[in-house]
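Examination of the molecular architecture
Residues per chain are reported as follows:
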Amino acid sequence: MSIQILMPALSPTMTEGKLSKWLKKEGDKVKAGQAIAEIETDKATMEVEAVDEGVIGKILVPAGTEGVKVNAPIAVLLEEGETSSDAIPAKTATRPAAEPPSISCVPQSQTPAFAGVAKIEKDWTGPTVSLTVREALRDAMAEEMRRDQDVFVMGEEVAEYQGAYKVTQGLLQEFGSKRIIDTPITEYGFAGIGVGAAFAGLRPVVEFMTWNFAMQALDQIVSSAAKTLYMAGGKLGCPIVFRGPNGPASRVAAQHSQCYASWYGHIPGLKVLAPWSSADAKGLLKAAIRDPNPVVFLENEIMYGQHFDVPADPDFILPIGKAKIERTGEHVTITAFSRMVVAHGRRGAAGGRQAGGRGDQRGSHQPPHHPPARCRDDCQQCEENQPPRFRRGGLALRRHGLRNRHADDGNLL
Amino acid sequence: MMQFYKDMLLIRRFEEKAGQLYGMGLIGGFCHLYIGQEAVVVGIQSALEPKDSVITAYRDHGHMLVCGMSANGVMAELTGRAGGYSKGKGGSMHMFSRDKKFYGGHGIVGATAPLGAGLAFAHKYRNDGGIATAYYGDGAANQGQVYEAYNMASLWKLPIIFIIENNGYSMGTSLARGSAGDFCKRGEGYGIPGEKVDGMNVLAVRTSALKAVDYVRSGNGPMILEVMTYRYRGHSMSDPAKYRTKEEVEQMREQHDPIENIRKIILESGKYKEDDFKKADKDVKDVVNASAEFAQASPEPDPSELWTDVLVEG
Ligand SMILES: Cc1ncc(C[n+]2csc(CCOP(=O)(O)OP(=O)(O)O)c2C)c(N)n1
Ligand SMILES: [Mg+2]
């Protein structure tokens, strides 16, 4: 019986990728473990290996295709003796999204359609563009750098490598190595250099590869950046942004999974932001760069690849310290920030966008569509919703791992 | 040279007065006196220009005065008054003056190396011809972040002089017990030249500083000066300094005092007479006394100040 080869996730947070090259052609025999294609993710180019032996019956996604969703069938593997006419997939791995089921405590009339893209900021009603969170962050930095010569970006792999998570993609090409600066792996040191430069009036954007590593720089962030203004009686401030991915990604273990919102939220002198959508990411990062205070900007790796509509207005910017009501309702208020605003991608709950400055977290929000610990039946990540013969090219992905992740998300809500 | 004498004397008298006020309970918290080390900052700063930036740790009153900050404002800050440079909210260790390009005043041992490299980064970024000087102690020079700063400063050819004020002790830990090798050589692996300087001789400090400034300002990258000095007093006001002998301190005071040294040299040059010194002494005393009066007349900060300057508002 023919087997579908599915687009594999090659990093814990990959949602889609480019199928850059087929290493086998239709009719070729393959053995388990043999490389059959090359895939570019947001982080690297990697090879897809065959999980089974057989003959490549049909290539469903041609080389060079971008934005191939994880789990989409990319080829059909035939058993010896089968013909390619057997290769027409009987059932695809993806299913059309169903309407969200209604739950009784949310009046139907007030339930927004969450299957589509998230709503944009209410105050920005003009035309919008669809951007990933990653692009939104990059655009925010680029726009601020065009606007203010004092803004520069420094961090590990931000320039030549184009960002460990590709958030700074293209910035080196536009702004050059004077303003997009690769640092050695010395968080404490380059955080200190950033703070010193901010004392001198520049506006550094310091990227931490992830916030987990900023623990080494905690002293400069807290003792130097946050406290100097007060100790100087207001005479010397520190206009700096520290940014990077925060919180759990996926299956990367405890050292790489910490959320620092509460830690930094308890430091007087810091503003702490944790945006959710692309619009929030862009509007708030621009505001953070313009802010005269040190800002801790907590991104979420899992959100980087997600698309949202963002106001196209070049002046689009959001106020810091004001929560956004994603959905109004009558019964319960649910407050959340970052990815928890809408766990499971864009389904589920609503919420605010920031852990507020001075340690408060504000927001006013509504219950999720479905009980948080249970997934809807169109959820792609649930075992129950997968076709019976589920194969991914080369990756033996343990389904219960993903299920656990769901349960965690539910608990967090 | 007479100016060096006056500058050093101002620091010494100012610190002695601070010691008195501390004893009277007018200064609280930590207070680290610079007595004995005056030639370091006076010699170095004499080689700088107004566009150059300065940053140091908590033994900082001397640096502020030499940078041109007012004795009144510094003393009022020491006494925690509203008229102090930081409105009484920084105290002895934390004062700043953007005007004078003095960036503190920092309490974390070692932090001034990367912070200083950041100031140097800003000079280079703006291409304004300025350089930065970052001061820290022999104890601080063992911190890892200092070497992170060396690496990046050298990589990026930042215009900075790293100045180690080696006074032989970090609190109660002598060099022999805390530091391996020579500080001036610790830049070698990073390609940063270093020099050991007699920090009890202001002219020697100046000579080395001029060379270092020239090297750094010409775009060669950072340089390290290890300036050998000595603090006469304890680490801070509460330190009885039992870790060293009285004789050791006496010997330094008697034979190596930087102020006596320059005084002798000036007198021998014949340019100035005893009377000139008397006049200088009196001028300095007046400035210091006035600062103590100003400080005591200045009100304590209003309790509402606890809630201001946490963030820049608006
Ligand atoms: C990171 C850190 N650790 C410890 C201290 C406490 N402390 C303050 S001063 C000091 C000694 C530093 O000696 P040194 O660098 O030689 O400077 P000196 O006091 O001799 O001027 C210590 C341990 C501190 N302020 N910061
Ligand atoms: Mg010392």
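Everything discussed here concerns the structure shown above.
Residues numbered from 1 in each chain as written. Chains lettered and ligands numbered in written order. Predicted model: local features only at pLDDT ≥ 70, side-chain atom pairs only at ≥ 80, totals over all residues. Heavy atoms only, no water.

With respect to the coordination of the magnesium ion (ligand 2)
Residues and elements named next belong to chain B. The coordination sphere of the magnesium ion (ligand 2) contains the protein donors Asp138 (OD), Asn167 (OD1) and Tyr169 (O), at a distance range of 2.1 to 2.2 Å. Written as a sequence motif, the donor arrangement for the magnesium ion (ligand 2) is D-x28-N-x1-Y. Remark: Tyr169 occurs in strand β5 (residues 169–170) and Asp138 occurs in the loop between β3 (132–137) and α6 (144–155); sequence separation between them is 31 residues. As far as burial versus exposure is concerned, Asp138 and Tyr169 are alike and both buried. (Donors = N, O, S within 2.8 Å, 3.2 Å for Na, K, Ca; no water. Helix = DSSP H or I, 4+ residues; strand = E, 2+ residues; numbered from the N terminus. Buried < 20%, exposed > 50% of the residue type's maximum accessible area, 1.4 Å probe, protein only.)

What to know about the site of ligand 1
All names here are of chain B. Around ligand 1 sit 15 residues in total, of which Tyr58, Arg59, Gly107, Ala140 and Asn167 are the nearest. Note that a nitrogen atom of ligand 1 is positioned 3.1 Å from one of the backbone N or O atoms of Val109. Contact between ligand 1 and Asp138: an oxygen atom at 3.0 Å from a side-chain N or O atom of the residue. Within the complex, 72% of the 590 Å² of free accessible area of ligand 1 lies under protein. In terms of residue class, the shell around ligand 1 is made up of 6 nonpolar, 7 polar and 2 charged. (Near = heavy atom within 4 Å. Polar contact = N/O pair within 3.5 Å; in protein donor to acceptor, adjacent residues only side chain to side chain. Areas by Shrake-Rupley, 256 points an atom, 1.4 Å probe, with all protein chains shown as cover. Nonpolar A, V, L, I, M, F, W, Y, C, P; charged D, E, K, R; others polar.)

Quick notes on the side chain of Glu226(B)
All names here are of chain B. Inspection of the secondary structure assignment puts Glu226 in strand β8 (residues 223–228). Buried charge without a partner: Glu226 forms no salt bridge, and the closest opposite charge is Lys196, 4.3 Å away. Polar contacts involving the side chain of Glu226 include one to the side chain of Asn166, which spans 2.9 Å. A polar side-chain atom of Glu226 sits 3.4 Å from the main-chain amide nitrogen of Phe183. Setting aside residues up to four positions removed in sequence, Glu226 forms contacts with Ile164, Asn166, Asp182, Phe183, Cys184, Glu195, Lys196 and Val197. (Lys, Arg positive; Asp, Glu negative; His and termini not counted. Salt bridge = Lys/Arg side-chain N within 4 Å of Asp/Glu carboxyl O. Contact = heavy atoms within 4.5 Å.)

Description of unusual backbone geometry
Across the junction of Gly104(B) and Gly105(B), the peptide omega takes the value 25°, indicating a cis bond. Structurally, Gly105(B) is set in strand β2 (residues 102–105). In this structure, Glu157(A) is a non-glycine residue whose phi angle is positive, near 65°. Locating Glu157(A) in the fold gives a position in the loop between β10 (151–155) and α2 (171–175). The backbone phi angle of Gln162(A) is positive, close to 75°, even though this residue is not glycine. Topologically, Gln162(A) is positioned in the loop between β10 and α2. Here Gln162(A) falls in the buried class, since its relative accessible area comes to 12%.

Description of the pattern of salt bridges
Tallied over the entire structure, the rule returns 30 salt bridges over all chains. Salt-bridge contacts for Glu143(A) lead to Lys286(A); the nearest nitrogen and oxygen are separated by 2.4 Å. Of this pair, Glu143(A) sits in helix α1 (residues 133–147) while Lys286(A) sits in helix α7 (residues 278–290), and the two are 143 residues apart along the sequence. In this structure, Lys279(B) engages Asp283(B) in a salt bridge whose closest nitrogen and oxygen atoms are separated by 2.8 Å. Taken together, the positions of Lys279(B) and Asp283(B), both in helix α11 (residues 274–297) and 4 residues apart, correspond to about one turn of that helix. Through salt bridges with shared partners, one network takes in Glu143(A), Glu144(A), Arg147(A), Lys282(A), Lys286(A) and Arg290(A).

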